[in-house]
Amino acid sequence: MIMQNKRLYPAKTAQMRTDRRSFLQLGGLGLLGAGVAGVSDAAEPPSWSEAGGGFSNYGQPADTEQRTIRWISANPAVPGEGVSWTPLHELEGTITPNGLHFERHHNGVPSIDPDEWSLLVNASGERSLRYSLADLHRYPLQSRILFIECGGNSNTLWKPQPVQAAAGHLHGLVSGCEWTGVALSVLLQEAGISTQDKWLIADAMDASGVTVSLPIAKCLDDVLVALYQNGEALRPENGYPARLVVPGWEGIVNVKWLRSLSLSDVPLMSRFDTVSYTDLQKDGIAERMTFEMGVKSIITSPSVGQQLTTTGDYEVRGLAWSGAGRIQTVELSADGGRNWVPAHLQEPVLDRALTRFRLPWHWDGRAQVLMSRATDTAGARQPSRDELISAKGGNVYYHYNGICAWAVDVDGDISHVYA
Ligand SMILES: Nc1nc2c(c(=O)[nH]1)N[C@H]1C(S)=C(S)[C@@H](COP(=O)(O)O)O[C@H]1N2
Ligand SMILES: [Mo]
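In this text the structure is predicted, and so the values were computed from the model without any measurement. (Residues numbered from 1 in each chain as written. Chains lettered and ligands numbered in written order. Predicted model: local features only at pLDDT ≥ 70, side-chain atom pairs only at ≥ 80, totals over all residues. Heavy atoms only, no water.)

Draft legend 1. Molecular detail of helix α5 (residues 184-191). Residues of α5 that are buried include every one of Leu184, Ser185, Leu187, Leu188 and Ala191, and no others. Along α5, the residues classed as buried sweep out an arc of 160° about the axis, all on the same side. Remark: glycine 192 follows α5 within two positions and exhibits a positive phi of approximately 100°. (Buried < 20%, exposed > 50% of the residue type's maximum accessible area, 1.4 Å probe, protein only. Helix = DSSP H or I, 4+ residues; strand = E, 2+ residues; numbered from the N terminus. Arc of directions from axis to C-beta.)

Structure (structure tokens):
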């Protein structure tokens, strides 16, 4: 499924891209047109005749890669309150390494002894069950690759002027992991659900007292009590020893450091249900319990802070996701949104997971504005920033999913623009 891409390709190569195979061959770096400078001139690579370094009990990135880190923006007024951002512009594929998963803490990371920890499930009436970590490990486990995105992700894009920051520092409150745990429905069925039970109140152990209300239908559908993240036990900062993972729904309901789960006929209306992560609408009424994250995409490369050193061939790369299902298409524009062409979606394209898109791009040295826009399987298309603002008004702080634009200038510098 190859597009004739008059805008992103030089015309002389467009006709060669008529089947997937030739496209993929041609998509390799250095095989198109002028190619990538230096590729063919490489000197003989070195080799080693002596044994190298030793083994390690727990692997770390190469010394030369240690600058790929989470960027922390912490609130100096409240201990342990703030965020750290996944460096999306420095990562590839769709799985976020555990040490780089974004963090959002309201009052620090509690230190929990797994032998002391247990999860209380309160059913209606007098019945309650207590699960130790060892108990939970005996239940059937499920793994799912899913994104988690904070409702506050990308919120500087509501500001009147575009903030100049790396893609991960604007949009990196989203990460993708393979989460493994027990289906919440199994525990709730065991506790016993009555017809009055319409909500689940999830309560956490950290000092901020995070407590959220979730509709029972979602809890019985696909929520996990996650114990593992990318194959290893949850990291302390991501909820060790157990957290909720609520597919496609905003970060706050993915309660970390779980303490108790209580069935209820009404939502609790905690501060996290009513004050935090709510958006003041045009009519002056706050939209609460937004839950499902909108369809969204961002270009991770080229992006702000990166520099195009020569004209020629590059690959435009990025991530797309939707809280409503799978990504159907991602379209790219190199002219500020006048013309759009479909990008390649890298398989697997999974439900409520980060999806990688790519498209070779020929930079001819002119100023261009790169944009991506995603459409999901529910039919929703990522809005332009103007469309989003006219729909939501000027007082919104969360849930920004508008199109993001990067301007490439004639020197190959890249900046964040509203286009
Ligand atoms: N107990 C507890 N759960 C929590 C939070 C918290 O501060 N305490 N932050 C929430 C928010 S706002 C988000 S976006 C996600 C972030 O999960 P992460 O830190 O694993 O990325 O956790 C949610 N669960
Ligand atoms: Mo969040």
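Draft legend 2. Inspection of the pattern of salt bridges at higher detail. By the definition in use, this model includes 17 salt bridges. Glutamate 103 is the partner of arginine 70 in a salt bridge, and the nearest nitrogen-oxygen pair spans 3.2 Å. On the criterion of sequence distance, the pair formed by arginine 70 in the loop between α2 (20-27) and β1 (71-74) and glutamate 103 in strand β3 (residues 103-105) is long-range, its members being 33 residues apart. The exposure classification of arginine 70 matches that of glutamate 103, with both residues buried. Of the charged contacts, one joins arginine 259 and aspartate 203 as a salt bridge, the two residues approaching to 2.8 Å between their closest N and O atoms. Residue arginine 259 is found in strand β13 (residues 258-264), and its partner aspartate 203 is found in strand β8 (residues 199-204); the two are separated by 56 residues along the sequence. Judged by relative accessible area, which is 14%, aspartate 203 ranks as buried. (Salt bridge = Lys/Arg side-chain N within 4 Å of Asp/Glu carboxyl O.)

Draft legend 3. Representation of the sheet that holds strand β4 (residues 118-122). Within the open sheet, the five strands sit side by side as β5-β4-β13-β8-β9. Their pairing is mixed. On the outer flanks of this sheet lie β5 (128-132) and β9 (211-215), each paired with one strand and no other. Sheet twist, expressed as the mean angle between neighbouring strand axes with direction ignored, is 15°. Pairing between β8 and β9: five bridges, direction antiparallel. From the neighbouring strand, aspartate 203 faces β9, where its bridge partner is threonine 211. Relative to the sheet, α5 contacts β4, β5, β8 and β13, its axis offset from that of β5 by approximately 140°. (Pairing = 2+ DSSP bridges. Axes fitted to C-alpha atoms, helices over the stretch in contact; angles between N-to-C directions. Contact = heavy atoms within 4.5 Å.)

Draft legend 4. Fine view of the nonpolar core. Leu119, Trp179, Leu184, Val225, Leu244, Leu258 and Leu261 are the most contacted members of the largest nonpolar core, which has 56 residues in total. Ignoring any residue separated from it by four or fewer positions in sequence, one finds leucine 244 in contact with Leu184, Ala202, Leu214, Val223, Leu224, Val225, Val253, Asn254, Val255, Leu258 and Leu261. In this structure, Val174, Met293, Val304 and Val408 belong to the second largest nonpolar core, which totals 40 residues. (Core = buried A, V, L, I, M, F, W, Y, C linked by side-chain atoms within 4.5 Å.)

Draft legend 5. Geometry of the sheet that holds β1. Spatially, three strands are ordered β1-β2-β3 in an open sheet, and the strand pairing comes out antiparallel. Only two strands of the sheet have a single neighbouring strand rather than two, namely β1 and β3. Here the strands of the sheet are splayed against their neighbours by 10° on average, with no regard to which way each runs. Alignment of β1 against strand β2 (residues 82-85), held across four bridges, turns out to be antiparallel. Counterpart to alanine 74 in the pairing with β2 is glycine 82.

Draft legend 6. Spatial organisation of the site of ligand 1. Residues in close proximity to ligand 1 total 20 residues, the closest being Phe102, His106, Asp206, Arg243 and Lys256. Here an oxygen atom of ligand 1 and a backbone polar atom of phenylalanine 102 are 2.6 Å apart. A distance of 2.8 Å is found between an oxygen atom of ligand 1 and a side-chain nitrogen or oxygen belonging to asparagine 238. Against a free-state accessible area of 530 Å², the protein chains account for coverage of 100% of ligand 1. It is β3 that contributes the most residues to the shell around ligand 1, three residues altogether. Considered class by class, the residues forming the shell around ligand 1 number eight nonpolar, six polar and six charged. (Near = heavy atom within 4 Å. Polar contact = N/O pair within 3.5 Å; in protein donor to acceptor, adjacent residues only side chain to side chain. Areas by Shrake-Rupley, 256 points an atom, 1.4 Å probe, with all protein chains shown as cover. Nonpolar A, V, L, I, M, F, W, Y, C, P; charged D, E, K, R; others polar.)

Read these as spatial facts, not as claims about activity.
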